[in-house]
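These are the residues of each chain, in order.
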Amino acid sequence: MGARGALKLPVHLRAVTDTETADTAAEMVPKVAPTKPQTVTDNPALSLLWDQIVPELDRTGLIAPSDAPAVELALRHFLMARVAADEVGDTVTVIDRENDARKHPAEAVFRAESEMFLKYAAQLGMTFVARARTPAAKGADDGESNPFA
C-alpha cells in the first residue's frame, strides 16, 4: 500500500506482485493477432504484406489486437518505400528542365518512408534491438546468452 492508499486499477487489470516476474504477468495477456482491417483487405499489396508479417509477429507473441492501426501504418510506410525504391531503380539522377542532373525525387520519399517504417518496426518489436529488450529474449540467465540484451 502506498502513501495514498491502495493502488486503484481497472477491473480487467491487476498489479504484479514482488514475487511474480514480468514474464509471468505477460503470459496472462492473451497473445492474439489483430484482425485485418477492411482498408488493408481492399489493397492487394498491403493485404499481402499483412499476411506475411502479422502471422510472424503473432507467432512470436509480439502483437495484440490493439496493434492493428500501428501495424497498418507501418506496412503503408513500408509499401510506399518499396514503390519509391522501384521508381528510382538504377536511375539515381534525373535531368531537369534546365538540363541539369539532380537527385531522383523518389529517393527522398524512399528515405522518409524507410525512416518512418523503422520507427514503427522498433515499436512493434521488429528490429534486433527491440527484440533484445523484451524479457523473453533476455532469458533466465539475465541476458548472458544474448549479446544484444
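The structure reproduced in this document is the subject of the present report. Keep in mind the model is a prediction, meaning the values are calculated, not measured. (Residues numbered from 1 in each chain as written. Predicted model: local features only at pLDDT ≥ 70, side-chain atom pairs only at ≥ 80, totals over all residues. Heavy atoms only, no water.)

This next bit is on the overall build of the chain. On a plain count of helices and strands, the chain comes out with seven helices and two strands. Within the chain, the fraction of its 149 residues that count as buried is 23%. Long-range contacts, defined here as pairs at least 24 residues apart, represent 48% of the contacts in the chain between residues at least 6 apart. Of the roughly 10800 Å² of accessible surface on the chain, a fraction of 58% belongs to carbon and sulfur atoms. (Helix = DSSP H or I, 4+ residues; strand = E, 2+ residues; numbered from the N terminus. Buried < 20%, exposed > 50% of the residue type's maximum accessible area, 1.4 Å probe, protein only. Contact = heavy atoms within 4.5 Å. Areas by Shrake-Rupley, 256 points an atom, 1.4 Å probe, with all protein chains shown as cover.)

We now examine the packing of helix α4 (residues 68-88) against helix α5 (residues 105-123). Axes are the key here: two packed helices are described by the angle between their axes and the distance separating the axes. Direction vectors running N to C along α4 and α5 enclose 155°, while the axes themselves pass 8 Å from each other. Classified by the angle their axes make, α4 and α5 are roughly antiparallel. The crossing of α4 and α5 is left-handed. Side by side, α4 and α5 meet where A70, L73, A74, H77, F78, M80, A81, A84, A85, E87 and V88 of the first sit next to A106, E107, V109, F110, E113, S114, M116, F117 and Y120 of the second. Grouping the amino acids of the contact of α4 with α5 by side-chain chemistry returns 15 nonpolar, two polar and three charged. (Axes fitted to C-alpha atoms, helices over the stretch in contact; angles between N-to-C directions. Parallel < 35°, antiparallel > 145°, perpendicular 65-115°, else oblique. Left-handed = near helix turned anticlockwise from the far one by under 90°. Nonpolar A, V, L, I, M, F, W, Y, C, P; charged D, E, K, R; others polar.)

Now for the packing of aromatic side chains. Aromatic rings in a pair are described by how distant their centres are and how their planes are angled relative to each other. Summed over the entire model, instances satisfying the criterion amount to one aromatic pair. Each ring, one from F78 and one from F117, has its centre 5.2 Å from the other, and the planes form 55°; the classification is tilted. Taken together, the residues F78 in helix α4 and F117 in helix α5 connect sequence positions 39 residues apart. Accessibility expressed as a relative area gives 25% for F78, which makes it partly exposed. (Phe/Tyr/Trp six-rings, centres within 6.5 Å; stacked < 30°, edge-to-face > 60°.)

Time to look at the pattern of salt bridges. This model, assessed by the stated rule, comprises seven salt bridges. Taking the shortest distance from any N to any O, the salt bridge between R102 and D100 comes out at 3.9 Å. One salt-bridge network, in which partners are shared between bridges, spans K103, E107 and R111. (Salt bridge = Lys/Arg side-chain N within 4 Å of Asp/Glu carboxyl O.)

These figures come from the coordinates and say nothing about function on their own.
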